[in-house]
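# A structural walkthrough
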Amino acid sequence: MTVQEIPKIIINLPERKDRLESILKEIEYIGGNYIVINGIKTEDPKIGIAQSHILAVETAKQNGWPYVMILEDDCVFDAKEKTLNYVNECLKNLPDKWDILLGGLYEAKTISRNGIFWESVGQFCGLHCYIVNSTFYNTFKSYNPNYHIDRWLNLKGENKIFVSKKLFATQKAGYSDNVKQFRDYKSRLKRFNLLN
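Report on the accompanying structure. (Residues numbered from 1 in each chain as written. Predicted model: local features only at pLDDT ≥ 70, side-chain atom pairs only at ≥ 80, totals over all residues. Heavy atoms only, no water.)

### Some remarks on helix α1 (residues 17–27)
Every buried residue belonging to α1 is among Arg19, Ser22, Ile23, Glu26 and Ile27, and all of these are buried. The buried residues of α1 occupy one face: seen down the axis, they fall within an arc of 130°. Along α1, the residues that are exposed and aim more than 90 degrees away from the buried face are Lys17, Glu21 and Lys25. (Buried < 20%, exposed > 50% of the residue type's maximum accessible area, 1.4 Å probe, protein only. Helix = DSSP H or I, 4+ residues; strand = E, 2+ residues; numbered from the N terminus. Arc of directions from axis to C-beta.)

### Side note on the side chain of aspartate 73
Residue placement: aspartate 73 occurs in the loop between β3 (67–72) and β4 (75–76). Residue aspartate 73 is classed as buried on the basis of its relative accessible area of 5%. Polar contacts involving the side chain of aspartate 73 include one to the side chain of arginine 19, which spans 3.3 Å. Residues within four places of aspartate 73 in sequence aside, it is in contact with Ile11, Asn12, Leu13, Arg16, Arg19 and Ile23. (Polar contact = N/O pair within 3.5 Å; in protein donor to acceptor, adjacent residues only side chain to side chain. Contact = heavy atoms within 4.5 Å.)

### Quick word on the pairing of strand β1 (residues 8–12)
In terms of burial, β1 is a largely internal element, 5 of the 5 residues being buried. Going residue by residue along β1, you find Lys8, Ile10 and Asn12 tucked away on one face and Ile9 and Ile11 tucked away on the opposite face as well. Here β1 runs beside strand β2 (residues 34–38); their pairing, made up of 5 bridges, is parallel. Directly across from asparagine 12, in β2, lies its bridge partner asparagine 38. Taking the sense of rotation as the criterion, the β-α-β connection linking β1, α1 and β2 turns out right-handed. Alignment of β1 against β3, held across 4 bridges, turns out to be parallel. Its bridge partner being in β3, isoleucine 9 is matched across the sheet by isoleucine 70. (Pairing = 2+ DSSP bridges. Right-handed = clockwise from strand over helix to strand, strands pointing away.)

### Some words on unusual backbone geometry
Of note in the backbone geometry, lysine 80 takes a positive phi value of approximately 50° without being a glycine. By the secondary structure assignment, lysine 80 is in the loop between β4 and α3 (82–92).

### Looking at the layout of surface pockets
Of the pockets and cavities examined, the second largest pocket occupies roughly 160 Å³. As for the second largest pocket, its lining consists of Thr139, Trp152, Leu153, Asn154, Leu155, Lys156, Gly157, Glu158 and Asn159. Split into classes, the residues belonging to the lining of the second largest pocket amount to 3 nonpolar, 4 polar and 2 charged. (1 Å grid on protein atoms, 1.4 Å probe; cavity = no way out; pocket = protein on both sides within 12 Å on 5 of 7 lines; lining within 4 Å. Points joined across faces, edges and corners; volume = space filled by probe spheres on them. Nonpolar A, V, L, I, M, F, W, Y, C, P; charged D, E, K, R; others polar.)

### Concerning the packing of aromatic side chains
A complete count under the given rule lists 3 aromatic pairs for this structure. Ring geometry for phenylalanine 136 versus phenylalanine 140: centroids 6.0 Å apart, planes at 85°, classification edge-to-face. On the accessibility criterion, phenylalanine 136 (3% relative accessible area) is buried. By relative accessible area, which is 1% here, phenylalanine 140 ends up buried. A centroid spacing of 5.6 Å and a plane angle of 90° characterise the contact between tyrosine 143 and tryptophan 152, whose relative ring orientation is edge-to-face. Each of the two residues, tyrosine 143 as well as tryptophan 152, counts as buried. (Phe/Tyr/Trp six-rings, centres within 6.5 Å; stacked < 30°, edge-to-face > 60°.)

In structure tokens, the structure reads:
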């Protein structure tokens, strides 16, 4: 598989036209077909975020896609033109079994730093760019709303979740609808290798 062949779903709050415009420019660096779904807002932001990601996975399942790339509208490919070749090289060298492939994150409790292209991850934070295997779609239905969905996905470390050796996706600095204030995650990435 190549990243151009992977169906993509962008999650965007309709009122954030600025973010939609931004992610549509970013997606040109990896190519392929995409659809945009409306993000869900709830009183508790973590629930709305979770529901948005579950909706994206359900959309992929209903379409019969073998895998899907899900992108939040603040995703950025910092390496720009270098991103496509790197991601495709990673996809040529997939782990034997995988549930989720992360293009980036900003926190991880455990990472096995021994992979050439992919490193296994325990509990993590960051769902701005990831690929879900269809064999894992149903797992999203059992989401526990007591947790942020990203932390919950590998809470017990039992799932096969990997992150690319070099993070190829980061989050754009700006106003966060989630925490209702400006956020810049770059300072949290110092311990990770970034594609640039």
